[in-house]
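# Commentary on secondary and tertiary structure
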Amino acid sequence: QVTLVESGGGLVQAGGSLRLSCAASGPTFKYYEMMGWFRQAPGKEREFVASIKWNSDGTFYDDSVKGRFTISRDNAKNILYLQMNSLKPEDAAVYFCAASRVTHMPTDPEWFGIWGQGTQVTVST
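Residues numbered from 1 in each chain as written. Predicted model: local features only at pLDDT ≥ 70, side-chain atom pairs only at ≥ 80, totals over all residues. Heavy atoms only, no water.

A few words now on the overall build of the protein. Counting its secondary structure elements, the protein contains zero helices and eleven strands. Tracing the protein from N to C terminus, the helices and strands come up as β-β-β-β-β-β-β-β-β-β-β. Against the 2.2 N^0.38 benchmark of 14 Å for 125 residues, the protein shows a C-alpha radius of gyration of 14 Å, consistent with a compact globule. Taking the principal axes of its C-alpha atoms as reference, the protein extends roughly 40 × 25 × 25 Å. Partitioning the intrachain contacts of the protein with sequence separation of at least 6 by distance along the chain shows that 55% fall at a separation of at least 24. When the accessible surface of the protein is split by element, carbon and sulfur atoms take 47% of a total near 6400 Å². For the protein, the separation between the mean place of its 12 positive charges and that of its 12 negative charges on side chains is 5 Å. (Helix = DSSP H or I, 4+ residues; strand = E, 2+ residues; numbered from the N terminus. Rg over C-alpha atoms; globule rule 2.2 N^0.38 Å. Contact = heavy atoms within 4.5 Å. Areas by Shrake-Rupley, 256 points an atom, 1.4 Å probe, with all protein chains shown as cover. Lys, Arg positive; Asp, Glu negative; His and termini not counted. Charge placed at Lys NZ, Arg CZ, Asp CG, Glu CD.)

Attention shifts here to the packing of aromatic side chains. What the rule picks out here adds up to five aromatic pairs. Between Phe-29 and Trp-54 the ring centres are 5.3 Å apart and the planes differ by 80 degrees, which places this aromatic pair in the edge-to-face class. Remark: Trp-54 occurs in the loop between strand S5 (47-53) and strand S6 (59-61) and Phe-29 occurs in the loop between strand S3 (18-25) and strand S4 (34-40); sequence separation between them is 25 residues. No difference in accessibility class separates Phe-29 from Trp-54, as the two residues are buried. Their ring planes at 75 degrees and their centres at 5.0 Å tell us that Phe-38 and Phe-112 sit as a pair that is edge-to-face. Of this pair, Phe-38 sits in strand S4 while Phe-112 sits in strand S10 (residues 112-115), and the two are 74 residues apart along the sequence. With a relative accessible area of 0%, Phe-38 lands in the buried category. Among the residues examined, Phe-112 registers a relative accessible area of 3% and is labelled buried. Members of the aromatic cluster, connected to one another through ring pairs, are Phe-38, Phe-48, Phe-96, Phe-112 and Trp-115. The ring of Phe-96 has Arg-46 lying over it, and the distance from NZ or CZ to the ring centre is 3.9 Å. Positioned above the aromatic ring of Trp-115 is the side chain of Arg-46, whose terminal nitrogen or guanidinium carbon lies 4.7 Å from the ring centre. (Phe/Tyr/Trp six-rings, centres within 6.5 Å; stacked < 30°, edge-to-face > 60°. Buried < 20%, exposed > 50% of the residue type's maximum accessible area, 1.4 Å probe, protein only. Lys NZ or Arg CZ within 6 Å of the ring centre and 35° of its normal.)

Turning to the pattern of salt bridges, a few remarks are in order. Enumeration over the complete set of coordinates arrives at three salt bridges. Asp-91 is the partner of Arg-39 in a salt bridge, and the nearest nitrogen-oxygen pair spans 3.0 Å. Pair noted here: Arg-39 is in strand S4 and Asp-91 is in the loop between strand S8 (79-84) and strand S9 (93-100), with a separation of 52 residues, a long-range link. With respect to class, Arg-39 is no different from Asp-91; both count as buried. Salt bridges here are not isolated pairs; linked through shared partners, they connect Arg-39, Glu-47, Arg-68 and Asp-91. (Salt bridge = Lys/Arg side-chain N within 4 Å of Asp/Glu carboxyl O.)

Attention now moves to the state of the cysteines. Counted by the stated rule, this structure contains one disulfide. The disulfide partner of Cys-22 is Cys-97, and the gap between their sulfur atoms is 2.0 Å. Its S-S torsion of about 55 degrees marks the bond between Cys-22 and Cys-97 as right-handed, since a negative value means left-handed. Residue Cys-22 is found in strand S3, and its partner Cys-97 is found in strand S9; the two are separated by 75 residues along the sequence. On the basis of relative accessible area, Cys-22 is assigned to the buried category, the value being 0%. (Disulfide = S-S within 2.5 Å.)

Membership of the largest hydrophobic core comes to 30 residues, with the highest contact counts inside it found for Leu-4, Met-35, Trp-37, Leu-82 and Tyr-95. At the level of elements, S3, S4, S5, strand S7 (69-74), S8, S9 and strand S11 (119-124) are the ones that each hand at least two residues to this core. With near-sequence residues (within four places) excluded, Leu-4 lies in contact with Cys-22, Ala-23, Ala-24, Met-35, Cys-97, Ala-98, Ala-99, Ile-114, Trp-115, Gly-116 and Gln-117. Within the second largest apolar cluster, five residues are counted, among which are Met-34, Phe-38, Ala-98 and Phe-112. (Core = buried A, V, L, I, M, F, W, Y, C linked by side-chain atoms within 4.5 Å.)

Note that all results are geometric; they support no functional claim without further evidence.
Here's what the structure looks like:
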């Protein structure tokens, strides 16, 4: 069993920054090879944001956030991060972290089997 807990969401002005964290725990977390961030705004489908391989090099970003967001990890602490800069109103959503047991589908939420509860990001104008 794996538990993921997000934190770091909040309200920021457009152009501001936030850093989201996702803490992973549980005896089976060692079997998961990729971690990712997804977001969902009201009335919209859940969409891919960024992902990272846990045990080797490899990061992936949606075009909408590339150059503004940075995904990173701390394997020793089992923590996943998402640094969000130059935030736009369209970035507002509930952000979820998720874990996948494979690395060949890094942007597909259907391959991520473990999900956190989500953290709200609001961007004001």
